[in-house]
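A closer look at the structure
Letter by letter, the chains look like this.
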Amino acid sequence: MGPCSSKYKSEKGAAYRHQFVPDSGVGGKYVVQQGPSPKSSKSSSKSAKSKKAESTPLVVMSRNIYFGADLAPFLEDPVAGLPIFFAEFLATNFSRRAIALADEIEETMPDLIGFQEAFIFNAVTGPDTDAVKTILEELSKRGLDYSIAVSNENESSPPTAVGVLIDQDVIVVNNQRESLDIVRTDKAFFTDSARTRGWVSVDAKLDGKPFRFANTHLEVCSPFSPEFDTLNLVQAAEFLKEVLKSTAMAVIAVGDMNTLPTSNTYATFIKEMDDVWDVNEPDDGFTCCQPSGLDAADNANYLRIDYIFYSEASGLKINVKSAKLVGDKPFQELQPFFSSDHAGVVSKLVLKK
């Protein structure tokens, strides 16, 4: 097996489900007690200010939205597989999943979200479906103001009898976090890719502290196609070079990395960055994969392939307050039981000078 699939037990459909169609805080206060010496009073004041600063961490999310159907039948036979794909796409009911995905965001209130498989489906007949736009509209109904900071259109399917499917990576920002400023955005495509894949990033400041937030969706690992394993590792190295080594800022990198913690790809990340999930060891933190039809009531995730990594910078430290999964429990008692075939990862990070 390749470097990112040493324990990859997914069956063919699950392994190929991630492939794409080729071109064919609470505030606080402190009270100074009577009697301390001036030195201890100053120390107490510094401690209290430090605690107040740590009460508003940066909250980040990595979330694979999911196209809503297994692409394998379509990839193997575009003519015969198209009706199979489209029937499952309809059955997984994105309009209902969008509400559940918005619930996850409302519950955790991330300041920055990295979306993968942020699809747009341009239908031949009937309404188009823009996944991110639909989620943002649902959040707006709840009085939450999120918007797209940067997006990258990875690849489109060939025109079909039902429509065109477009894959995107997207970063969304919480506009109600007043102390968060987006300074610069960037995006690029990988130079080595079986299909068009890339990454997006923003340079930002939180309370004046600079950092970079980057999001990607690496090539899927597959025991049936070993060359994809090599591409996964090559893309990871390129991603790290472009978003990490090109800046002196602290970096937070999120995404569906399509690789296991036992892989060479993961080792490449860990050589340069830390994994927020370390705070939860020995919890496995499985994020993938539910059945493609989202038609099982029990959580079927048995792989961890979605991550939040971080690296500190000179003069800026990052303290991981927490890391948790979202979307790992059914949100209703009928199909689709889950909001995506992946669970999302959310982390609270304190940036400290």
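Structure report, in brief. (Residues numbered from 1 in each chain as written. Predicted model: local features only at pLDDT ≥ 70, side-chain atom pairs only at ≥ 80, totals over all residues. Heavy atoms only, no water.)

With that out of the way, let us pick up the overall build of the chain. Helices and strands together make up the secondary structure of the chain, namely eight helices and 14 strands. When the accessible surface of the chain is summed, it comes to about 15,300 Å², and 51% of that surface belongs to carbon and sulfur atoms. (Helix = DSSP H or I, 4+ residues; strand = E, 2+ residues; numbered from the N terminus. Areas by Shrake-Rupley, 256 points an atom, 1.4 Å probe, with all protein chains shown as cover.)

Here we come to the sheet that holds strand E8 (residues 198-206). Taken in spatial order, the six strands of this open sheet run E7-E8-E9-E10-E12-E11, and their pairing is mixed. Two strands lie at the open edges of the sheet, namely strand E7 (180-189) and strand E11 (274-275), each paired on one side alone. By the bridge criterion, nine bridges tie E7 to E8 in an arrangement that is antiparallel. Note on E8: the bridge partner recorded for Ala 188 is Trp 199. Together, E11 and strand E12 (306-311) form the strand contacts of helix H8 (residues 264-272), whose direction differs from that of E12 by roughly 25°. (Pairing = 2+ DSSP bridges. Contact = heavy atoms within 4.5 Å. Axes fitted to C-alpha atoms, helices over the stretch in contact; angles between N-to-C directions.)

With that out of the way, let us pick up the nonpolar core. One finds Ile 65, Phe 115, Phe 119 and Ile 135 to be the most contacted residues of the largest nonpolar core, which totals 34 residues. Not counting residues within four places of it along the chain, the set of residues in contact with Phe 119 comprises Ile 65, Tyr 66, Phe 67, Phe 89, Phe 94, Arg 97, Thr 129, Asp 130, Ala 131, Leu 165 and Ile 166. One finds Leu 112, Val 173, Ala 204 and Val 254 within the second-largest nonpolar core, a separate group that totals 29 residues. (Core = buried A, V, L, I, M, F, W, Y, C linked by side-chain atoms within 4.5 Å. Buried < 20%, exposed > 50% of the residue type's maximum accessible area, 1.4 Å probe, protein only.)

A few words now on the pattern of salt bridges. Scanning all chains against the criterion turns up 15 salt bridges. Among the salt bridges present, the one from Glu 104 reaches Arg 63, with a minimum N-O distance of 2.8 Å. Of the two residues, Glu 104 sits in helix H5 (residues 94-108) while Arg 63 sits in strand E1 (residues 58-64), which places them 41 residues apart along the sequence. The pair formed by Glu 104 and Arg 63 is uniform in burial state, with each residue classed as buried. Taking the shortest distance from any N to any O, the salt bridge between Glu 312 and Lys 317 comes out at 3.9 Å. The exposure class assigned to Glu 312 is partly exposed, which follows from its relative accessible area of 36%. Through salt bridges with shared partners, a single network forms among Asp 103, Glu 106, Glu 138, Lys 141 and Arg 142. (Salt bridge = Lys/Arg side-chain N within 4 Å of Asp/Glu carboxyl O.)

Along helix H6 (residues 131-141), the residues that are buried comprise Ala 131, Val 132, Ile 135, Leu 136, Glu 138 and Leu 139. Within H6, the buried residues cover an arc of 160° as seen down the axis, which keeps them to one side. Against the buried residues of H6 lie H5, strand E2 (112-116), strand E4 (129-130), strand E5 (146-156) and strand E6 (163-174). (Arc of directions from axis to C-beta.)

Here we take up the packing of H5 against H6. Where H5 meets H6, the closest approach of the two axes is 9 Å, and the angle between their N-to-C directions is 55°. Classed by the angle they form, the pair H5 and H6 counts as oblique. In terms of crossing hand, the pair formed by H5 and H6 is right-handed. Facing H5, whose interface residues are Phe 94, Ala 98, Ile 99, Leu 101, Ala 102, Ile 105 and Glu 106, H6 presents Ala 131, Thr 134, Ile 135, Glu 138 and Leu 139. When grouped by side-chain class, the residues that make up the contact of H5 with H6 number nine nonpolar, one polar and two charged. (Parallel < 35°, antiparallel > 145°, perpendicular 65-115°, else oblique. Left-handed = near helix turned anticlockwise from the far one by under 90°. Nonpolar A, V, L, I, M, F, W, Y, C, P; charged D, E, K, R; others polar.)

Evaluated as defined, the whole model comprises one disulfide. Across the disulfide from Cys 288 sits Cys 289; the S-S distance is 1.5 Å. Residues Cys 288 and Cys 289 share a disulfide whose torsion about the S-S bond is about 80°; that sign makes it right-handed. Residues Cys 288 and Cys 289 agree in their burial class; the two are buried. (Disulfide = S-S within 2.5 Å.)

In this model, Glu 281 is joined to Pro 282 through a cis peptide bond whose omega is 10°. The residue Pro 282 is located in the loop between E11 and E12 in this model. With omega at 0°, the peptide bond leading from Gln 335 into Pro 336 counts as cis. Within the secondary structure, Pro 336 is located in the loop between strand E13 (317-326) and strand E14 (344-352).

The next subject is helix H4 (residues 78-91). Taking 1.5 Å of rise per residue, the 14 residues of H4 would be expected to cover 20 Å, and the 19 Å separating its terminal C-alpha atoms lies within 8% of that figure. Residues Gly 81, Leu 82, Phe 85, Glu 88 and Phe 89 constitute the buried set of H4. Across the axial projection of H4, the buried residues extend over an arc of 145°, all falling on one side. When the buried face of H4 is taken as reference, the exposed residues oriented beyond 90 degrees from it are Val 79, Pro 83, Ile 84 and Leu 90. One or two residues past the end of H4 sits Asn 93, with phi positive at roughly 45°. (Expected span 1.5 Å × (residues − 1).)

Tracing the sequence through the fold places Thr 108 in helix H5. With relative accessibility at 11%, the residue Thr 108 sits in the buried group. In terms of polar contacts, Thr 108 uses its side chain to reach the backbone carbonyl oxygen of Glu 104, at 2.8 Å. Beyond its immediate stretch of four places on either side in the chain, Thr 108 contacts Val 59, Met 61, Lys 324, Val 326 and Val 346. (Polar contact = N/O pair within 3.5 Å; in protein donor to acceptor, adjacent residues only side chain to side chain.)

Enumeration over the complete set of coordinates arrives at 11 aromatic pairs. Here Phe 86 and Phe 89 contribute two aromatic rings whose centre-to-centre distance is 6.2 Å and whose plane-to-plane angle is 15°, an arrangement assigned as stacked. Pair noted here: Phe 86 and Phe 89 are both in helix H4, with a separation of three residues, about one helical turn. Residue Phe 86 is classed as partly exposed on the basis of its relative accessible area of 23%. Using a relative accessible area of 9% as the deciding quantity, one classes Phe 89 as buried. Look at Phe 94 and Phe 119: their rings are 5.2 Å apart centre to centre, the planes differ by 75°, and that puts the pair in the edge-to-face class. Placement of the pair is Phe 94 in helix H5 and Phe 119 in the loop between E2 and strand E3 (120-123), with a sequence separation of 25 residues. Neither residue differs from the other here; Phe 94 and Phe 119 are each classed as buried. (Phe/Tyr/Trp six-rings, centres within 6.5 Å; stacked < 30°, edge-to-face > 60°.)

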